[in-house]
Amino acid sequence: MKTIGVLTSGGDAPGMNAAVRAVVRSGVSKGLKVMGIRRGFNGLIHGDIFEMNLRSVSNTIQRGGTMLYTARCPEFRTQEGIQKAADTCKYFGIEGIVVIGGDGSFRGAKDLSAAGIPCVGIPGTIDNDIACCDKTIGYDTAMNTIISMVDKIRDTSESHDRCSVVEVMGRRAGYLALNAGIAVGATSILIPEMEFDFERDVISRIKRTQTTGKRDFIIMVAEGVVLDNKMSIEEMTKKIEEETGVETRHTVLGHVQRGGSPSAYDRVLGSKMGYRAVELLEQGEGSRVVAIKKEEIVDYDIVEALDMKKEINPRIYQMAYDISI
Ligand code: F6P
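All of the points below concern the structure found in this document. (Residues numbered from 1 in each chain as written. Predicted model: local features only at pLDDT ≥ 70, side-chain atom pairs only at ≥ 80, totals over all residues. Heavy atoms only, no water.)

## Here's the deal with helix 1 (residues 16–29)
And step 1. A rise of 1.5 Å per residue sets the reference length of helix 1, with its 14 residues, at 20 Å; its end C-alpha atoms lie 20 Å apart and thus fit the reference within 8%.
And step 2. The buried count for helix 1 comes to 10 of 14 residues, which makes it a mostly enclosed element.
And step 3. Within the span of helix 1, buried status applies to M16, N17, A18, A19, V20, A22, V23, V24, S26 and G27.
And step 4. Tucked into the core, helix 1 has its buried residues touching strand 1 (3–8), strand 2 (33–37), strand 3 (49–52), strand 4 (96–101) and helix 10 (264–282). (Helix = DSSP H or I, 4+ residues; strand = E, 2+ residues; numbered from the N terminus. Expected span 1.5 Å × (residues − 1). Buried < 20%, exposed > 50% of the residue type's maximum accessible area, 1.4 Å probe, protein only. Contact = heavy atoms within 4.5 Å.)

The structure is reproduced here in structure tokens:
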């Protein structure tokens, strides 16, 4: 293999730049030509591609977002789009690609591998919803951003004896809500993976906790719950205020969670994964996903990885409830 490409796709995640940097630096050190592909699979379809060198990635490890830009690319879900991308690879001499993104991006990587361009996926998403991987790039930083924001909300909530309903990202996954909820001491945590009853799990919990003298509350809600449950964050807020008598406000943290300088953990994780991805391509291994399991860097067949299911540990969910009284 003489030329490889690297792209970031789907929602950006802090630490993606560390992974890009490691791909470029280790690729160049091994004598490979490394091509940067802008805006994910879009750039591959439209030929938005440039050669990278050691200096292209200087001073990027500390930056949030992705220096390669990113996009979600519906055209790549068609056979025609995949073929166009494979043709672009042939035109630029790209023989293998490192795809940094979430499960949607891995589906693209799988299809492109099947079309003759070996791809290695690196899990980069703040949602932490890649089943083969204990922690995805960006998750740690997003968690830290959430807890620093909710700590600030807590200050004002406590001053006013209020309840704050906080919505965090996670369209299909509740890892951010659950673990950030534990970290900020939320009274209730609502996530898409777990059934809940609003009366029992929110209203009654607040009332019970009030009887022990508590006067301010954080209710952590994953975005997916709001989308699934047909109960808006405004309705939740109103219901809490009406039924408990506690003045209630809500905050949707939004895209602030996806930005910012990556944590130490995400910088190191991105670097390790980028380095391993290039090793795999160099060894002729395509159709793989790099992951971290029990702090070891490992890799899986991309089809197997996509078939795996990641489940919330019910004991951790129970623990969160038991200790937040
Ligand atoms: O997949 C990561 C994620 O941040 C989800 O948690 C969220 O639902 C989604 O991206 C938001 O995507 P967009 O930035 O396209 O609105």
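## Focus: the site of the ligand
And step 1. By nearness alone, every residue bordering the ligand is listed as R72, I126, D127, M169, G170, R171, E223, H255 and R258.
And step 2. Within the side chain of E223, an N or O atom sits 2.7 Å from an oxygen atom of the ligand.
And step 3. In the environment of the ligand, an oxygen atom lies 2.8 Å from a nitrogen or oxygen atom belonging to the side chain of H255.
And step 4. Protein burial of the ligand: of its 390 Å² of free accessible surface, 77% is covered by the chains.
And step 5. Comparing atom positions with the cavity grids shows the ligand to sit within the largest pocket.
And step 6. Split by residue class, the shell around the ligand holds 2 nonpolar, 2 polar and 5 charged.
And step 7. Composition of the shell around the ligand by domain shows at least three residues from each of domain 1 (3–138 + 262–307) and domain 2 (140–258). (Near = heavy atom within 4 Å. Polar contact = N/O pair within 3.5 Å; in protein donor to acceptor, adjacent residues only side chain to side chain. Areas by Shrake-Rupley, 256 points an atom, 1.4 Å probe, with all protein chains shown as cover. 1 Å grid on protein atoms, 1.4 Å probe; cavity = no way out; pocket = protein on both sides within 12 Å on 5 of 7 lines; lining within 4 Å. Sits in = over half its atoms within 2 Å of the grid points. Nonpolar A, V, L, I, M, F, W, Y, C, P; charged D, E, K, R; others polar. Domains from an automatic or database assignment.)

## A short note on the layout of surface pockets
Take a probe with the size of a water molecule and roll it over the atoms, and the empty space left behind shows itself.
And step 1. By volume, the largest pocket is sized at about 690 Å³.
And step 2. For the largest pocket, the lining is made up of 29 residues, of which G10, G11, R72, D103 and G104 are closest to its centre.
And step 3. Among the elements that take part in the lining of the largest pocket, helix 4 (residues 103–114) stands out by supplying 6 residues, more than any other.
And step 4. Its residues placed into classes, the lining of the largest pocket shows 6 nonpolar, 11 polar and 12 charged.
And step 5. Three or more residues apiece are contributed to the lining of the largest pocket by two domains, here domain 1 (3–138 + 262–307) and domain 2 (140–258). (Points joined across faces, edges and corners; volume = space filled by probe spheres on them.)

## Details of the pattern of salt bridges
And step 1. Here the structure, examined in full by the defined rule, presents 19 salt bridges.
And step 2. In this structure, the salt-bridge partner of E75 is K84, at a minimum N-O distance of 2.8 Å.
And step 3. Looking at E75, the relative accessible area reads 26%, which means it is partly exposed.
And step 4. For E247, the salt bridge is made with R249, and the minimal N-O distance between the two is 3.3 Å.
And step 5. By relative accessible area, which is 39% here, R249 ends up partly exposed.
And step 6. Each of R276, E279, R288 and D299 takes part in salt bridges that share partners, so that together they form one network. (Salt bridge = Lys/Arg side-chain N within 4 Å of Asp/Glu carboxyl O.)

## Considerations on the packing of aromatic side chains
And step 1. Counted according to the given criterion, the structure contains 3 aromatic pairs.
And step 2. Taken together, a centroid distance of 5.2 Å and an interplanar angle of 80° make the contact between Y91 and F92 edge-to-face.
And step 3. Looking at Y91, the relative accessible area reads 72%, which means it is exposed.
And step 4. Stacked on the ring of Y321, the Lys or Arg R205 has its end atom at 4.3 Å from the ring centre.
And step 5. It is K310 that lies over the ring of Y175; its NZ or CZ is 5.0 Å from the centre. (Phe/Tyr/Trp six-rings, centres within 6.5 Å; stacked < 30°, edge-to-face > 60°. Lys NZ or Arg CZ within 6 Å of the ring centre and 35° of its normal.)

## Considering the pairing of strand 4
And step 1. Taking burial as the measure, the 6 residues of strand 4 include 6 buried ones, the bulk of the element.
And step 2. The alternating pattern of strand 4 places G96, V98 and I100 on one face and I97, V99 and G101 on the opposite face, and all of these are buried.
And step 3. Relative to strand 4, strand 1 runs parallel, the two sharing 5 bridges. Note that in strand 4 the partner of I4 across the bridge is G96.
And step 4. Pairing geometry for strand 4 and strand 5 (residues 119–123), over 5 bridges, is parallel. Looking across to strand 5, one finds that I100 is bridged to I122.
And step 5. Handedness of the crossover is the feature at issue here: the chain leaves strand 4, passes through helix 4, returns alongside strand 5, and the resulting connection is right-handed. (Pairing = 2+ DSSP bridges. Right-handed = clockwise from strand over helix to strand, strands pointing away.)

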